[in-house]
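Letter by letter, the chains look like this.
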Amino acid sequence: MTQFSRRDVLRGSTALAASGAFASVTSAAPPASAVTPQLIEAAKKEGRVVYYTSIDLPVAERIAKAFEATYPGIAVRVERTGAERVFQRIGQEYASRIHSVDVVNSSDAAHFVVWKREGMLEPYVPEDVAKYYPAEHKDPDGTFASFRVWLCVIGYNANMVKAEEAPTSYADLLDPKWMSKIVKAHPGYSGTIMTATYQMARDLGWDYFEKLAKQKVMQVQSSADPPKKLALGERAVMADGNEYNMFIEKEKGTPVDIVYASEGSPLIVGPNGLFKNAPNPNAARLFQSFCFSPQAQQLSIDAGGLRSLHPQTKEKPGRKPFGEIKKMKDDPAAVERTSADIKAHYSKLFGV
């Protein structure tokens, strides 16, 4: 098996689009799998599960600890990095016949299509996914499903920017008054920002990014980084970043506020899947089922600031309801055609 490149992701995005993102006419998914005493016992004999994820580390650790509390005797090892690095790491490990990962999460859905095409993913449908998740958010062959959904948003430090002076749109970020005051994440590192950059370039045009690059933007890597820079007061405004990190900062008293751009906010989906060569296959199945349970999904909302597709969850008071937000449209087929160019064009414009 060879190492994966962004070209593999592009081919995966083509397949993703051709299948209608997740759905297809014919389903080869295995039957729904309930959590049984036999599965729990087998998982406890393995004693651990290894989770590679691009979720922000504190959120991933909260989910891991909740699982460990629910199933004592099974430890979760969280390996967190950006989506592109998760993808490359697994490719490098599998090329060397190293099978360390049990369950994976990425903010780039095309990664899962590459892994599926290579025969690396194990079909497994948690009972909650089968019962409650819409077809467009679960693989028809049962190899992955949308664990988390969120938005890429604008934000600002309320101690540095008055509410009435805050940007309300992407166009507002081009105002000269924001020169050297903006922080932004990178599409070459973050799956979230790759997806968001495509949607913004399509809807706003590359002229927008050319103008934004002249604003002397602070460039960071992960989509979790801009909210942290705002919280520290290192920049007044962020051009992009995770909505869920902003919720977390705001709800712990940090003086930050979210802006849902008038042009629309990019929509991001992060699936979960497990591997055929998982070293702890039973613990992997149990952890996958837990991730899609109402308990874990509600935790992802309340503690993680994420959005959930599980109908038995409730949105947290004080947050703008998901249905009321204008959202940009994801388009995997177009991402397939343009991802390599986006990465190159972006790096040329921003010099990174």
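1. Here's the deal with the sheet that holds strand β8 (residues 182-184)
An order of β9-β8-β10-β7-β11 is seen for the five strands of this open sheet, with the pairing classed as mixed. Across the chains shown, the open sheet's two edge strands, defined by having one partner strand only, are β9 (218-219) and β11 (256-259). For strand β7 (residues 154-157) and β11, the ladder comprises four bridges, and the chain directions are antiparallel. Bridge pairing in β11 places N157 opposite V256.

2. A word on the sheet that holds strand β2 (residues 48-53)
Strand order across the open sheet formed by five strands is β3-β2-β4-β12-β6, with mixed pairing between neighbours. The strands lining the two open edges of the sheet, one partner per strand, are β3 (75-80) and β6 (144-151). When strand polarity is set aside, the average angle formed by the axes of neighbouring strands in this sheet is 20°. In the sheet, β2 pairs with β3 via six bridges, with the strands oriented parallel. The residue of β3 that forms the bridge with Y51 is V78. Packing against the sheet, helix α3 (residues 57-70) makes contact with β2, β3 and β6, and its axis sits at approximately 165° to β3.

3. Concerning the nonpolar core
By size, the foremost hydrophobic cluster in this structure holds 33 residues, and its most contacted members are F67, V76 and F287. When contributions to this core are tallied by element, the ones reaching two or more residues are α2 (37-46), β2, α3, β3, β6, α11 (281-291) and α12 (294-302). Once residues within four sequence positions are removed from consideration, V76 is found in contact with V49, Y51, A64, F67, E68 and F287.

4. Looking at the pattern of salt bridges
Applying the stated criterion across every chain yields a total of 18 salt bridges. Here E79 makes a salt bridge to R77, at a shortest N to O gap of 2.9 Å. On the accessibility criterion, R77 (31% relative accessible area) is partly exposed. With a shortest N-O distance of 2.7 Å, D139 and K116 are connected by a salt bridge. Of this pair, D139 sits in the loop between α6 (127-132) and β6 while K116 is found in helix α5 (residues 110-117), placing the two residues 23 residues apart along the sequence. What makes D139 buried here is its relative accessible area of 6%. The class of K116 is partly exposed, set by a relative accessible area of 27%.

5. Quick notes on helix α9 (residues 225-232)
Three or four residues apart is the spacing at which side chains of an α-helix point the same way, because the helix has 3.6 residues per turn. Taken residue by residue, α9 has P226, P227 and L230 as its buried positions. Mapping the buried residues of α9 onto a view down its axis gives an arc of 100°, with all of them on the same face. On its buried side, α9 packs onto β7, β8, β10 (237-238), α10 (243-251) and β11. Remark: G233 follows α9 within two positions and exhibits a positive phi of approximately 75°.

6. Observations regarding the pairing of strand β12 (residues 267-274)
Of all eight residues in β12, seven are buried; the element is thus mostly enclosed. Strand direction decides the pairing type here: β6 and β12, joined by seven bridges, are antiparallel. Bridge assignment links W150 to a residue of β12, and that residue is I268.

7. Some points on the environment of Y189
With respect to the secondary-structure elements, Y189 resides in the loop between β8 and α7 (191-204). Distance in space between the C-alpha atoms of Y189 and S223 is 8.8 Å, their sequence separation being 34 residues. Y189 has contacts with R80, T81, G82, A83, E84, R85, Q221 and S222, leaving out every residue within four places of it along the chain.

8. Details of the packing of aromatic side chains
This model, assessed by the stated rule, comprises 17 aromatic pairs. The interplanar angle of 50° and the centroid separation of 5.1 Å between the aromatic rings of W206 and F209 together place this pair among those described as tilted. Of the two residues, W206 and F209 both sit in helix α8 (residues 206-213), three residues apart, roughly one turn of that helix. Assessed through its relative accessible area of 21%, W206 is described here as partly exposed. Relative accessible area serves as the criterion here: at 0%, F209 is assigned to the buried category. The structure contains a cluster of three or more aromatic residues connected by ring pairs, namely F87, Y94, F112, W115, F144 and F275. One cation-aromatic arrangement involves K327 over F322; the distance from NZ or CZ to the ring centre is 4.4 Å.

Thresholds, definitions, all that
Residues numbered from 1 in each chain as written. Predicted model: local features only at pLDDT ≥ 70, side-chain atom pairs only at ≥ 80, totals over all residues. Heavy atoms only, no water. Pairing = 2+ DSSP bridges. Helix = DSSP H or I, 4+ residues; strand = E, 2+ residues; numbered from the N terminus. Axes fitted to C-alpha atoms, helices over the stretch in contact; angles between N-to-C directions. Contact = heavy atoms within 4.5 Å. Core = buried A, V, L, I, M, F, W, Y, C linked by side-chain atoms within 4.5 Å. Buried < 20%, exposed > 50% of the residue type's maximum accessible area, 1.4 Å probe, protein only. Salt bridge = Lys/Arg side-chain N within 4 Å of Asp/Glu carboxyl O. Arc of directions from axis to C-beta. Phe/Tyr/Trp six-rings, centres within 6.5 Å; stacked < 30°, edge-to-face > 60°. Lys NZ or Arg CZ within 6 Å of the ring centre and 35° of its normal.

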